[in-house]
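# Tertiary structure, described
Read off the chains here:
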Amino acid sequence: MTNAVSGRAALNLRVTEVVPHVLFAGRTNLIVVEVRTDAGIFGVGEASLEGKTEAVVGAINDVSEYLVGQDPTRIEHHWQTIYRHSFWRGGMVVGSAISSIEQALWDILGKALGVPVYELLGGRVRDRVRLYANGPRGDTAEDVAESCVKIVEAGWGALKLVPFEAVPGVAGQRELREARRRMQLIRDAVGWDVDILIDCHGRLSPTAAIQMAEALEEFDIFFFEEPVLPEDPRALAEVAATISIPVATGERLFTKWGFRDVLALGAADVLQPDIAHCGGILEARKIAAAAEVSFVGIAPHNPYSWLLTMASVQLDFATPNFLIQEFLIDHPPEVERLFAQPFSWLPGGWVEPPTAPGLGVELDWDAVRAHEQRPYRKTYQPSLWHVDGSVADW
Amino acid sequence: MATSRKIAGVRTLAVGAGWRNYIFVLIETDDGLTGLGEASLGGQTNAVLGVVKDLEPLLLGAEAGRIEHLWQQAYRHAFWHGGPTFLSALAGVEVALWDIQGQALGVPIHRLLGGPVRERIRAYANGPRGDTPEEMARSAVDLVARGYSALKMAPWEAMPILAGRGRIEDGVAKVRAVREAVGPEIELMVDAHGRLSPPVAVRAAEMLAPLGITFLEEPCLPGNARALARIARKSPVPVAVGERHYTRWAFDELLASRTINVLQPDIIQSGGLAEARKIAALAEMHFVSVAPHNPWSWVNTMASLHLDATLPNFLMQEVIADPEPWKDAIVINPPVMDDEGFFAVPTAPGLGISLDLEAATRFPPVEGRPPALWHEDGSVADW
């Protein structure tokens, strides 16, 4: 434990460099920001954003000139300066850049004080954090069910999947029947003790969302994520007021202001801020506090690396209304090798409190530097199409 | 290297402070740290001390660094949630735990809340006093000479449910005298202390508006957000409220009315430092400012300064400006206001203030009741 005198001395820090690292990760690029200080302490944060790698790296570079020379422990102040002085505020690109830098600053503060970040957020409010697997894969209903079985056998107690692809504005009988068939196969395969989360990925119209929820309700769905696109919280409120499956949303909402109307309208039962996009750890903590007032839970979005997972877990341990944490289970081996230790979890999908200072993430910098030399896909973005060749929302 | 530091002792101390007492909570850890928090609540000393006693079994042996977790257990496991008595005691405990955590890590508390977003903190005086416009003006001039750039006064006493302009003017005249005495640049705030009915409050706000009033505080009693919203919508003076709202749930309802301009949570009565931080975050969502309430000792002032340092939407910090002998005497290292009316961001580890326990014995607790106001017919008026 750091004593008082050295604690204060340790806080006499200045940022010397802000370095974005882009690491090809198959599905998307991993964007890691590294904030270095004059005391040798450095912090890391994640800003991965599908299809917008260059923009996020550019946004990080836009603020690095400001950050160099600053005291890294004035975390809220730097957030305010970067976000509010920009005049053109927010959005997912700047949101992701600022989020990653904010995570890195908490990492620095935690390391400087010798404690995990949750100790700086009011301390630990739970003994373990529950994860759910973002994982079942497969092209056919049978493949997906088999993938679910493997995941449950590996020890997971909750998993999330999207049981449909493009769906017309009014859901067709074909899409509704196929979605039901998929869920029936999965329930038959894994039983009823596993929590199944459905991600609609914003693919449904309000009408189709209500149709789909009614069709799938009998399969005991844990929550129904992003049933409609995030642009109109009133549409989501209409869906939430009609269906009986709890509604979750938030990965495409940014800053506390983005979440305000969803809460005011009672449009969701669970909020899913992403610490890599919403503005960072403290911003997510504010969103969680607002959610607490409406008796709404928090399930941080995180289909990204173990770095964002650890940043999220720090928040989860400090947040009373935390529900469950998303975790991507199939990172490519070359991404796992970027970390000095594998991410460890216990059967059932539980994580124990981290004890290492800061975010508790150690990168293998030799592996990072080697991986960084590899070309990455600049504009990767999966796409969905309707049967008539028109654009569908992925 | 998560902290492992257990709570080994919980003590309380009541210190006489005029008609009321300051109430302090001192928490000791098994490795020799002592944290200090304030739990003052006028007229309810025994009840607050009783709550701290009730919390002792939860606290003793608990990990001192798990501040939010202990708050959650104290508040939510209680089943009978909240209220000013309970929350004041809980806040005293909670601030003492932040003090310990800051000391343990060697940093001021604000560093654990995202760090300072400002370099100095503007104070306002809960201050000009006087029964006549002349007295009030003299008192205001004294305060300005001491450096204050913002002053708050409570110009009305008991007020009937409906009152004509003449009756309201009794109070407005005091404010006018102050404005004329201090000039146009000093910020003036008016505290109605919940003494006005909605129609009287609206008329009072209209009469005050030409005097350039920064905010009108508690125009009516708390407890009816719709009545307050009705006043705020019509008031040409921004409306502030919050000292008698407890926890974020109460403030959420105020914000939902979209008419309140300034929130005034008190770290003590709202439930603690983290609770006030959450309330301020809600306010930030609605572009509403925060001016923490604080008519208490230097201990809650210090806690407030840590909070203020971190709030993007902070406006001004209340401090009692009356020369009270006990106020300075009982503490070591009270914050010092500069001659422009600002406090510095605290720099010492933890809360950065401690009690002079020996000096405190010179001010024994009183069996005080709040001052009583009466209507002309002998019925009870709200103080």
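## With respect to the packing of helix α6 (residues 198-208) of chain B against helix α7 (residues 225-234) of chain B
Residues and elements named next belong to chain B.
- Running from amino to carboxyl end, α6 crosses α7 at an angle of 20 degrees, the nearest separation of the two axes being 9 Å. As the angle between them shows, α6 and α7 are arranged roughly parallel. Regarding α6 and α7, the two cross each other, and that crossing is right-handed. Contacts from Pro198, Ala201 and Val202 of α6 reach α7 at Ala227, Arg230, Ile231 and Lys234.
- Across the contact of α6 with α7, the residue classes tally to five nonpolar, no polar and two charged.

## Observations concerning the interface of chain A and chain B
- Taken together, the contacts link 39 residues of chain A with 33 residues of chain B.
- For the side of chain A that touches chain B, the elements supplying multiple residues, two or more each, are α1 (4-10), α3 (75-84), α9 (255-264) and α10 (281-293) of chain A.
- When grouped by side-chain class, the residues that make up the side of chain A that touches chain B number 20 nonpolar, 11 polar and eight charged.

## Some words on helix α11 (residues 306-318) of chain A
- An ideal rise of 1.5 Å per residue puts 18 Å on 13 residues; α11 of chain A measures up with 19 Å between its terminal C-alpha atoms.
- The buried fraction of α11 of chain A amounts to 13 of the 13 residues, a majority that puts the element mostly inside the structure.

## Comments concerning the sheet that holds strand β1 (residues 15-24) of chain A
All names here are of chain A.
- Ordered by their spatial adjacency, three strands build an open sheet running β1-β2-β3, and the pairing between neighbours is antiparallel. Among the strands making up the open sheet, the edge pair consists of β1 and β3 (42-46). Within the sheet, the average angular offset between the axes of one strand and its neighbour, ignoring direction, is 20 degrees.
- Where β1 lies against strand β2 (residues 29-37), nine bridges are found, and the strand directions are antiparallel. The residue bridging Val15 from the neighbouring strand is Thr37, located in β2.

## What to know about helix α10 (residues 273-285) of chain B
All names here are of chain B.
- Between the first and last C-alpha of α10 there are 19 Å, a value that for 13 residues agrees with the 18 Å anticipated at 1.5 Å per step.
- Taking burial as the measure, the 13 residues of α10 include 12 buried ones, the bulk of the element.
- Those residues of α10 lying buried are Leu273, Ala274, Glu275, Ala276, Arg277, Lys278, Ile279, Ala280, Ala281, Leu282, Ala283 and Met285.
- Phe287 occupies a position one or two residues after α10 and carries a positive phi of about 55 degrees.

Reading the values: rules and limits
- Residues numbered from 1 in each chain as written.
- Chains lettered and ligands numbered in written order.
- Predicted model: local features only at pLDDT ≥ 70, side-chain atom pairs only at ≥ 80, totals over all residues.
- Axes fitted to C-alpha atoms, helices over the stretch in contact; angles between N-to-C directions.
- Helix = DSSP H or I, 4+ residues; strand = E, 2+ residues; numbered from the N terminus.
- Parallel < 35°, antiparallel > 145°, perpendicular 65-115°, else oblique.
- Left-handed = near helix turned anticlockwise from the far one by under 90°.
- Contact = placed C-beta atoms within 7 Å.
- Nonpolar A, V, L, I, M, F, W, Y, C, P; charged D, E, K, R; others polar.
- Expected span 1.5 Å × (residues − 1).
- Buried ≥ 20, exposed ≤ 12 C-beta atoms within 10 Å, placed from the backbone.
- Pairing = 2+ DSSP bridges.

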